[in-house]
Amino acid sequence: YTQESGNLSSNGIRLDSGRSTLNNSDKFELYQNVPNPFNNSTVIGFNLPETDVMTFKLFDLTGKLIYQTTGHYAKGYNTINLDVSTFNINGVLYYQLDSNTHSATRKMIVIN
């Protein structure tokens, strides 16, 4: 809202989720997990430029691999759902998504 000469007017606002490439399936991208931090479960989104076999890895702060899974994913937007009971650890963790041609890493926080 702004006030000019005693008149109150509203201005438009635009919110951007940061996922501008969801409709652009020509680019590999690993998104931040949602919610973050989390205590029960979280969803990790990613975009693939082509159908591919992807390996998802989860590491603790020391770099120790604590969880790994591999799957076949379609071109476009995909998700991986993680439940904290799968790895049962607290704190800062790193997740990585790899294929033969792509790799990306992000950080997440688990709180209990």
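Residues numbered from 1 in each chain as written. Predicted model: local features only at pLDDT ≥ 70, side-chain atom pairs only at ≥ 80, totals over all residues. Heavy atoms only, no water.

Peer 1: Give me the confidence of the model for the chain: which residues, what numbers.
Peer 2: Per-residue pLDDT for the chain averages 87, and the proportion of residues at 70 or more is 79%. Across the chain, strand E3 (residues 29-30) holds the top mean pLDDT of 98, while strand E1 (residues 2-4) sits lowest at 63. (pLDDT = per-residue confidence, 0-100. Helix = DSSP H or I, 4+ residues; strand = E, 2+ residues; numbered from the N terminus.)

Peer 1: Mind laying out the environment of leucine 30, listing which residues take part and the relevant values?
Peer 2: Mapped onto the fold, leucine 30 is located in strand E3. A relative accessible area of 4% means that leucine 30 is categorised as buried. Each C-alpha atom, one on leucine 30 and one on phenylalanine 46, is 4.4 Å from the other, the two residues being 16 residues apart in sequence. Once residues within four sequence positions are removed from consideration, leucine 30 is found in contact with Ile44, Gly45, Phe46, Tyr95, Leu97, Ala104, Thr105 and Arg106. (Buried < 20%, exposed > 50% of the residue type's maximum accessible area, 1.4 Å probe, protein only. Contact = heavy atoms within 4.5 Å.)

Peer 1: Tell me about the sheet that holds strand E5 (residues 52-59), and name the residues and values.
Peer 2: Reading across the sheet, the four strands line up as E6-E5-E8-E9 and stay open at both edges, with antiparallel pairing between neighbours. A strand with exactly one partner marks an edge of an open sheet, and here the two such strands are strand E6 (65-73) and strand E9 (103-110). Neighbour-to-neighbour, the strand axes of this sheet turn through a mean angle of 20°, independent of strand direction. Bridge analysis of strand E8 (residues 91-98) against E9 gives eight bridges, and the strand direction is antiparallel. Its bridge partner being in E9, glycine 91 is matched across the sheet by valine 110. (Pairing = 2+ DSSP bridges. Axes fitted to C-alpha atoms, helices over the stretch in contact; angles between N-to-C directions.)

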